[in-house]
Amino acid sequence: MSDREIMYRDALREALHEEMTRNPEVFVIGEGIAERGGSYKVTEGLLAEFGAKRVRDTPISEASMIGVGVGAAIAGARPVVEILYIDFAMLGMDQIVNQAAKFRLMTGGEGRVPFVLRTQGGTGGGVAAQHSQSLEALFYHIPGLRVVMPSTPYDAKGLLKYALRQPDPVMFLEHKHLYMTKGHVPDGEIIVEFGKADIKREGTDVTLIAWSNMIPRTLEAAEALAAEGISAEVLDPRTLVPLDREAVLKSVAKTNRCVIVQEAVRRGGVGSDIASIIQEEAFYDLDAPVTVLGGMNTPIPFNLALEQASVPQKENIVEVVKRVLHADLVA
Amino acid sequence: MAKKATAKRPVRKGAAKKAAAAKPAAAGKEQLLDYYREMLLIRRFEEKAGQLYGMGLIGGFCHLYIGQEAVVTGMQAATKDGDAVITSYRDHGHMLATGMDPKGVMAELTGREGGYSKGKGGSMHMFSKEKNFYGGHGIVGAQIPLGTGIAFAMKYNETDNVCLAYTGDGAMNQGQVYEAFNMAALWKLPVVYVVENNKYGMGTSVERISASGANLHDRGKAYGIPGEEVDGMDVLAVHDAAEKAIAHCRAGKGPYILEMKTYRYRGHSMSDPAKYRSKEEVNKVRSTSDPIDRVKALLIDGGHATEDDLKEIDKSVKAVVSEAADFSQSSPEPDPSELWTDVLIEA
């Protein structure tokens, strides 16, 4: 074990590099990912290393770029399709939802789709309504897709490596605000299996469930709460599909309270679904209503102050947790 | 899949391919007989499917290929092992032509365990890894990027195989088709786009909804993709065009578009009475350009076969189809536990 710290984007690049070295079937396509190295530099240097056959720039044609990737996957290759912004993945929803997600079942299990779509979402510095969305709920809703949302460099690397070794379509959702964040990633092989939540901070009073960029923010909130004598546990499911229900229920059984923090808009979100699972499975463990703190039900505004006000901030998390605990005291 | 007992098929594929490679222009006796058997198998299969649908044994959608048999038969005779096929929802003929077992296809139509997709795919969604058949797709045009991707994988893996991506005329106004054309041409992918122009996209004639009229083979011009119009009711013409297009792809020259002028005798699906065209129009095509009658005439007039010889073939085809129909009714319904397989399920 080393104490090496690297950035999220470098961790992703390492995962791609290692898996491309390991498996000649893995190739990467996307807009500006080869010669330009990707808008967020995740694929920088891969062209020089692996050549134009395996690291390929595409036209700006998201629908068919995803379709070509899915087609190559059903024929046995291992494509990684990078879609610059999750907002642009909407152009390829037919191929994701109607083809990739359903192929295995429609073929009676004979056909598999070892396809990884890498993209990034979330707010970050005023890129406005069409480049800032958190759309994981759309994919979460579709049976047949895996939905992965790493929050740390370690998870990013381990999950991407795992994604490239399993046979089903993966929506690998990164966050634009996380690319430059640093974290511990040991040298050598790391693999993070899907469906295994990670407790990012242990606590006893309340379980805070968050993912992606809400993890660093929730950890900050937990730190602030600790200063006020509140011990918050922070649980990162890391993959929304499959979801580690066992870990969620175990943590809630310990703390008896739960707040779910999501950047995506509150309405129809993954948080609501996790809340419903908890109330169905762990109602008698609860000392307070499960609360979901999500983004406002609005397109993301451009103005920075408005943008920040539209998604949960540290202060909002602290406030909601206190409210949940207060409700418990009153009862 | 052990449950799909392999039937002795009436078509000798190998012979068809050899004959085709030797002399495509003047088809020999064996090749003509192969075409006759193959097209007749598709037609009788589809007639039986229509019948079973009428009896309520097949549910959902069912799109019959009757009238278009020459297209897939002529195309497939020009393929070799490892070549792939992907198509839309009017797909039964393609499956039979790639050599898939009629029993497994029919049992999928009835939604039974012995079907190619264990009853979970249905008429529009079947697949065979063994025959490189990639479905059966229900979203109009979506199989075009997928077929382009299959060709991508073929080139990536440095094979000299070709993907035949079939589509109807209706899909030729879908946006993703043109994105795929661009990529296929840009990367010189080995894909033949076979446009089966049967004149109607569901219930709308191609002229009424296409800016360029019926000249769909021209649609790749902007990308430098060669295109050709072919008499899709003439299996020999189809085969000649197929040889040329496939050779182009195998030589690494990139994609090719073949527009097959063809005709479907039945409605868009079983529930379509096809009131958007006249009975006279249908009857005229049936009586003057039926693909099976054409080959039959070549066989008889050329002295290659007698009426009795052909009757024997009819009989053997009928037996295969009726065996498929029996199997499709005797194969069990899928077990309810099948709902929990072949997809990631979270309890």
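A quick note: this is a predicted structure, and the numbers were derived from the prediction, not measured. (Residues numbered from 1 in each chain as written. Chains lettered and ligands numbered in written order. Predicted model: local features only at pLDDT ≥ 70, side-chain atom pairs only at ≥ 80, totals over all residues. Heavy atoms only, no water.)

Considering a negative patch on the surface
Residues and elements named next belong to chain B. Spelled out, the test is: A residue counts toward a patch only above 30% relative accessible area and without a salt bridge, and it is joined to like-charged neighbours within 9 Å or, for Val, Leu, Ile, Met, Phe, Trp and Tyr, to nonpolar neighbours within 5 Å. In these tables, accessible area is a Shrake-Rupley quantity obtained with a 1.4 Å probe, and a residue counts as shielded only by the protein chains included in the view. In what follows, salt bridge is the name for a side-chain nitrogen of Lys or Arg lying within 4 Å of a carboxyl oxygen of Asp or Glu. A positive count includes Lys and Arg, and a negative count includes Asp and Glu. His and the chain ends are not counted in either. For charged residues, the charge sits on one atom: NZ in Lys, CZ in Arg, CG in Asp, CD in Glu. Put simply, DSSP H or I for four residues or longer makes a helix, DSSP E for two residues or longer makes a strand, and each gets a number counted from the N terminus. Here the term buried applies to any residue with accessible area under 20% of the maximum for its type, exposed to any over 50%, and partly exposed to those in between, with areas from a 1.4 Å probe on protein chains only.
There is a patch of like negative charges on the surface, built from Glu307, Asp308, Asp309 and Glu312. Along the chain, the position of Glu307 falls in helix α12 (residues 307-330). Judged by relative accessible area, which is 44%, Glu307 ranks as partly exposed.

Here we look at the UniProt feature "domain: Transketolase-like pyrimidine-binding" (unreviewed entry) in chain A
Where we set the bar: UniProt positions are given in the numbering used here, feature names are shortened, and annotations may be inferred rather than shown by experiment.
The UniProt record marks residues 6-181 of chain A with the feature "domain: Transketolase-like pyrimidine-binding" (unreviewed entry), using the residue numbering of this structure. Regarding residues 6-181 of chain A, the helix share stands at 35% and the strand share at 18%, and the terminal C-alpha atoms are separated by 8 Å.

Focus: the domain arrangement of chain A
All names here are of chain A. Quick note on the threshold: Where a domain begins and ends is set by an automatic assignment or by a domain database. In this description, contact between two residues means that some pair of their heavy atoms is separated by no more than 4.5 Å. Take the accessible area each of two parts loses on contact, using a 1.4 Å probe, and add the two losses: that sum is the buried area. Think of a polar contact as two N or O atoms within 3.5 Å of one another; within protein, one of them needs to be a possible hydrogen donor and the other a possible acceptor, and neighboring residues in sequence only count if both atoms come from side chains. Each residue gets one of three labels, nonpolar for Ala, Val, Leu, Ile, Met, Phe, Trp, Tyr, Cys and Pro, charged for Asp, Glu, Lys and Arg, and polar for the others, Gly among them.
When its domains are assigned, chain A resolves into domain 1 (3-186) and domain 2 (198-330). Distance between the C-alpha centres of domain 1 and domain 2: 26 Å. With 26 residues of domain 1 at the contact, the number on the domain 2 side is 25 residues. Between domain 1 and domain 2, roughly 2,100 Å² of surface is buried when both sides are summed, and carbon and sulfur atoms account for 59% of that area. Among the residues domain 1 hides against domain 2, the three largest losses belong to Thr123, Tyr140 and Met149. Together they make up 29% of the total. Counting across the interface, domain 1 meets domain 2 through two salt bridges. For Asp155, the salt bridge identified is with Arg238, shortest N-O distance 2.8 Å. At the junction of domain 1 and domain 2, the tally comes to 13 residue pairs in polar contact (both at pLDDT 80 or more). Every element with two or more residues in the side of domain 1 that touches domain 2 is listed here: α6 (136-140), β6 (146-148) and α7 (153-163). Considered class by class, the residues forming the side of domain 1 that touches domain 2 number 12 nonpolar, 11 polar and three charged.

Some details on the interface of chain A and chain B
The interface is formed by 45 residues belonging to chain A together with 38 residues belonging to chain B. Scanning the region where chain A abuts chain B turns up one salt bridge. A salt bridge links Glu158 of chain B to Lys53 of chain A; the shortest N-O distance between them is 3.1 Å. At the boundary of chain A with chain B, the tally comes to 19 residue pairs in polar contact (both at pLDDT 80 or more). When residues of the side of chain A that touches chain B are traced back to their parent elements, those giving at least two are β2 (26-30), β3 (55-57), α3 (62-74), α4 (93-100), α5 (103-106) and β12 (239-241) of chain A. For the side of chain A that touches chain B, the element with the most residues is α3 of chain A, which contributes 10 residues.

Notes on the side chain of Thr73 of chain B
Residues and elements named next belong to chain B. The residue Thr73 is located in helix α3 (residues 69-76) in this model. There is a polar contact of 2.7 Å between the side chain of Thr73 and the backbone oxygen of Glu69. The contact partners of Thr73, leaving out residues within four places of it in the chain, are Tyr35, Glu38, Met39, Ile42 and Val235.

Quick notes on the UniProt feature "domain: Dehydrogenase E1 component" (unreviewed entry) in chain B
With numbering matched to this structure, UniProt assigns "domain: Dehydrogenase E1 component" (unreviewed entry) to residues 38-336 of chain B. As annotated, residues 38-336 of chain B has a helix share of 44% and a strand share of 12%, and its two end C-alpha atoms lie 36 Å apart.

Regarding the nonpolar core
To keep things clear, this is the line we draw: Only buried residues count toward a nonpolar core. Its members are Ala, Val, Leu, Ile, Met, Phe, Trp, Tyr and Cys residues joined through side-chain atoms within 4.5 Å.
With 117 residues, the main nonpolar core has Ile96, Phe139, Ile260 and Ile278 of chain A as its most contacted residues. Among the elements that line this core, the one with the most residues is helix α6 (residues 143-156) of chain B, at eight residues. Residue contacts for Ile278 of chain A: discarding those within four places in its chain leaves Ile209, Val248, Leu249, Val252, Cys258, Ile260, Phe283, Leu286 and Val290 of chain A. Among the nonpolar cores identified, the runner-up in size contains 68 residues, and Ile58, Val230, Met260 and Ile292 of chain B belong to it.

Side note on the pattern of salt bridges
Applying the stated criterion to the full structure yields 42 salt bridges over all chains. Residue Glu281 of chain A is joined to Arg245 of chain A by a salt bridge in which the shortest nitrogen-to-oxygen separation is 3.7 Å. Residue Glu281 of chain A is found in helix α10 (residues 270-282), and its partner Arg245 of chain A is found in helix α9 (residues 245-255); the two are separated by 36 residues along the sequence. Accessibility expressed as a relative area gives 48% for Glu281 of chain A, which makes it partly exposed. Between Asp231 of chain B and Arg294 of chain B there is a salt bridge, with the nearest N and O atoms lying 3.0 Å from each other.

Details of the pairing of strand β11 (residues 232-236) of chain A
All names here are of chain A. For the record, the criterion: In this scheme, strands are said to pair when DSSP sees at least two bridges between them. Handedness is read with the strands pointing away from the viewer; a crossover is right-handed when the path from the first strand over the helix to the second is clockwise.
Of all five residues making up β11, five are buried, and the element is well covered by its neighbours. Both faces of β11 are covered, namely the face carrying Ala232, Val234 and Asp236 and the face carrying Glu233 and Leu235. Bridge count between strand β10 (residues 206-210) and β11: four bridges; the pairing is parallel. Within β11, the residue paired with Thr207 across the bridge is Glu233. Of the crossover connections in this fold, the one passing from β10 over helix α8 (residues 214-227) to the parallel β11 is right-handed.

Focus on the sheet that holds strand β1 (residues 84-87) of chain B
All names here are of chain B. Rules: Interaxial angle, 0 to 180 degrees, is taken between N-to-C directions of lines fitted to C-alpha atoms, where a helix line uses only the stretch in contact.
A sheet is described by the order of its strands in space; here six strands give the open sequence β2-β1-β3-β4-β8-β7, paired in parallel fashion. Looking at strand neighbours, the two that pair on one side only are β2 (133-136) and β7 (227-231), the edges of this open sheet. Averaged over all adjacent pairs, the angle separating strand axes in this sheet is 20°, with direction ignored. Across six bridges, the pairing between strand β3 (residues 163-168) and strand β4 (residues 191-197) is parallel. For Ala165, the partnering residue across the bridge sits in β4 and is Tyr193. Sheet contacts for α6: β1, β2, β3 and β4; angle to β3, the most-contacted strand, approximately 175°.

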